[in-house]
Amino acid sequence: MITDSGRGRYTAPFCAAGRQCRGDITLPDKATITLEDVGDKGRLREFLRLPHRLYADDPQWIAPLEFEQRQRFSDKNHFFEHARWRGWIARRGERTVGRITAQIDELHLAQHGDGAGYFGMFEAEQDPEVVDALFGAAEAWLRSEGMQCARGPFNLHINEELGLLVDGFDTPPFVLMGHARPWYGEAIEARGYCPIKDLLAYHIDPDFKTPRVMARLAEKVSDRVRVRRANRKDLSAEAAVMLDIFNDAWQDNWGFVPLAPTEWEETVRTLIHLMPDDYIQIAELDGEPVAFIVALPNINEAARDLGGRLLPFGWAKLLWRLKVSHPSTARVPLMGVRKRFHHLRLGPTLAFVVIDAVRQALVARGVKDVEMGWILEDNDGMRNIIETIGGEAYKRYRVYEKPLVQE
């Protein structure tokens, strides 16, 4: 039987910021597995530390920074201004054997009206009973909240880590990208989930030779297009410019949820301390901001030997590696071109000029390998641009979905 401290059901479940939710959840019987709500600091600490043991024999896994992981689940996370969540750890006796979350994002529901709730942060020992118990808990809560399907993994939402790694296990993840055990996909599908979308990550040598066709297109608009770095002294205004472009550029993408201003400005203010100004490039057409790109130093490379800890000396090592020696790898997590240019020749031209501007900044700092992604597998336009400049898809992530039959 699945129990919660021996009671056989969940009482006083916790949502965002530790608030109690109404209603109990009764789960099907399961032998010897106990599920506990991640509702206090002790259990959250255990929840966050579990992957350290599960991936101890995986040389490609990199421990995420613990302070960043704690901030994700803090009541200061602006995501919880429009979302609520539950989290569980699974035990066999005293041994922690798995974890999972379930989230409901009101912005997603308002945008799509599809009754989709999320699951995420899934990690477990290779044990079907553990997987069943964890997903059973997440599905039961989503169902009790009126959701019609469970979709994921989302860690914690679509604008963070998205999808399960299903190909590319032999290389370490870049910053803000996930890693996984190869058997996770099969285990999730055994729970009745079906793949609904694949995402790709590309790697590219930033010192690429500019394709002749791209050079000609850029030259034709050189008198109208100006590309500039972000102005750190007016960060709020720059964040607003990028947010406006992003929400316009991505609005027709699968699963799109608009970034909230509070979330985006907090993200920009956090990341700007980790990168040079010229890692953000904004393109203006006749003086109007119409495209942007963001590159990040690969913090995972800089933090690989820190075990997720910044104390007592991890901070100094990380800052030295980011600011002085600089990682040899970087990631481009965000790029956008205003929607009205998507089906015009000017669209790929604007994309190329911001890519070219940021790649020059990367090359100047000795970066040898850049990851671009994620990219929707069916986004042929963006894939064509990246492949034209030498990009090769090397990792694949997958999003799953399962209908939730109301009981």
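Remember, predicted model here, so these are calculated numbers, not experimental data. (Residues numbered from 1 in each chain as written. Predicted model: local features only at pLDDT ≥ 70, side-chain atom pairs only at ≥ 80, totals over all residues. Heavy atoms only, no water.)

Draft legend 1. Inspection of the confidence of the model for the chain at higher detail. Per-residue confidence for the chain gives a mean pLDDT of 90, with 92% of residues at or over 70. Segment residues 1-31: pLDDT under 50, and 74 contacts once partners within four positions in sequence are set aside and those in other chains are kept. (pLDDT = per-residue confidence, 0-100. Contact = heavy atoms within 4.5 Å.)

Draft legend 2. Summary view of the pattern of salt bridges. Within the structure shown, the criterion is met by 40 salt bridges. A salt bridge links aspartate 286 to arginine 224; its shortest N-O distance comes to 2.7 Å. Highlighted residues: aspartate 286 in the loop between strand E13 (280-285) and strand E14 (288-297) and arginine 224 in the loop between helix H6 (212-220) and strand E12 (225-229), separated in sequence by 62 residues. Arginine 224 gets classed as partly exposed once you look at its relative accessible area, which sits at 38%. (Salt bridge = Lys/Arg side-chain N within 4 Å of Asp/Glu carboxyl O. Helix = DSSP H or I, 4+ residues; strand = E, 2+ residues; numbered from the N terminus. Buried < 20%, exposed > 50% of the residue type's maximum accessible area, 1.4 Å probe, protein only.)

Draft legend 3. Up close: the packing of aromatic side chains. Scanning the model with the defined rule gives 15 aromatic pairs in all. Both rings, one in tryptophan 183 and one in tyrosine 184, keep their centres 4.7 Å apart while their planes meet at 90°; by these two values the pair is edge-to-face. Using a relative accessible area of 1% as the deciding quantity, one classes tyrosine 184 as buried. Counting every residue linked through ring pairs, the aromatic cluster contains Phe119, Phe122, Phe135, Trp183, Tyr184 and Tyr193. Arginine 99 extends its terminal NZ or CZ atom over the ring of phenylalanine 47, reaching a point 4.6 Å from the ring centre. Across the ring face of phenylalanine 208, the terminal group of arginine 359 is positioned such that the distance to the ring centre comes to 4.7 Å. (Phe/Tyr/Trp six-rings, centres within 6.5 Å; stacked < 30°, edge-to-face > 60°. Lys NZ or Arg CZ within 6 Å of the ring centre and 35° of its normal.)

Draft legend 4. Just the environment of isoleucine 33, in detail. Within the secondary structure layout, isoleucine 33 lies in strand E3 (residues 33-37). For the pair isoleucine 33 and arginine 91, spaced 58 residues apart in sequence, the C-alpha to C-alpha distance is 5.6 Å.

Draft legend 5. Main features of the layout of surface pockets. Within this model, the second largest pocket holds a volume of roughly 700 Å³. As for the second largest pocket, its lining consists of 28 residues, of which Ala249, Asn253, His342, Asn379 and Met382 are closest to the centre. Going through the elements one at a time, strand E15 (329-337), helix H11 (346-364), strand E16 (369-376) and helix H12 (380-388) are the ones with two or more residues in the lining of the second largest pocket. Take the lining of the second largest pocket: its biggest share by element is six residues, from E15. Tallied by class, residues from the lining of the second largest pocket come to 17 nonpolar, nine polar and two charged. (1 Å grid on protein atoms, 1.4 Å probe; cavity = no way out; pocket = protein on both sides within 12 Å on 5 of 7 lines; lining within 4 Å. Points joined across faces, edges and corners; volume = space filled by probe spheres on them. Nonpolar A, V, L, I, M, F, W, Y, C, P; charged D, E, K, R; others polar.)

Draft legend 6. Examining a positive patch on the surface more closely. On the surface, a cluster of positive charge is made up of Lys209, Arg212, Arg216, Lys220 and Arg345. Within the secondary structure, lysine 209 is located in the loop between strand E11 (194-204) and H6. You can call lysine 209 exposed: its relative accessible area is 77%. (Patch = residues over 30% accessible without salt bridge, like charges linked within 9 Å, V, L, I, M, F, W, Y side chains within 5 Å. Areas by Shrake-Rupley, 256 points an atom, 1.4 Å probe, with all protein chains shown as cover. Lys, Arg positive; Asp, Glu negative; His and termini not counted. Charge placed at Lys NZ, Arg CZ, Asp CG, Glu CD.)

Draft legend 7. Just the pairing of E14, in detail. Of all the ten residues making up E14, nine are buried; the element is thus mostly covered by neighbouring parts of the structure. Summarising the sheet, E13 and E14 pair through six bridges and their orientation is antiparallel. Considered in E14, the bridge of glutamate 284 is made with proline 289. Connecting the antiparallel pair E13 and E14 is a turn made up of two residues, with aspartate 286 showing a positive phi of about 50°. The pairing of E14 with E15 spans six bridges and is classified as antiparallel. Along E15, the bridge assignment pairs isoleucine 293 with methionine 335. (Pairing = 2+ DSSP bridges.)

Draft legend 8. A nonpolar patch on the surface, seen in detail. A surface patch of nonpolar side chains, amounting to about 320 Å² of accessible area, comprises Leu311, Trp315 and Leu319. For leucine 311, the position within the fold is in the loop between helix H9 (299-303) and helix H10 (314-325). The exposure class of leucine 311 is exposed, given its relative accessible area of 69%.

Draft legend 9. Fine view of the pairing of E3. Burial analysis of E3 places five of its five residues in the buried class, the great majority of the element. Residues of E3 alternate between two faces, with Ile33, Leu35 and Asp37 on one and Thr34 and Glu36 on the opposite face, all of them buried. With five bridges connecting them, E3 and strand E4 (residues 83-92) associate as antiparallel partners. Across the sheet, threonine 34 pairs through a bridge with arginine 91, a residue of E4.

Draft legend 10. Seen up close, unusual backbone geometry. Note that the residue after glycine 152, namely proline 153, is joined by a cis bond; omega there is 5°. The residue after glycine 373, namely tryptophan 374, is reached through a cis peptide bond having omega 10°. With respect to the helices, strands and loops of the structure, tryptophan 374 is situated in strand E16. Non-glycine residue methionine 121 carries a positive phi angle of around 55°.

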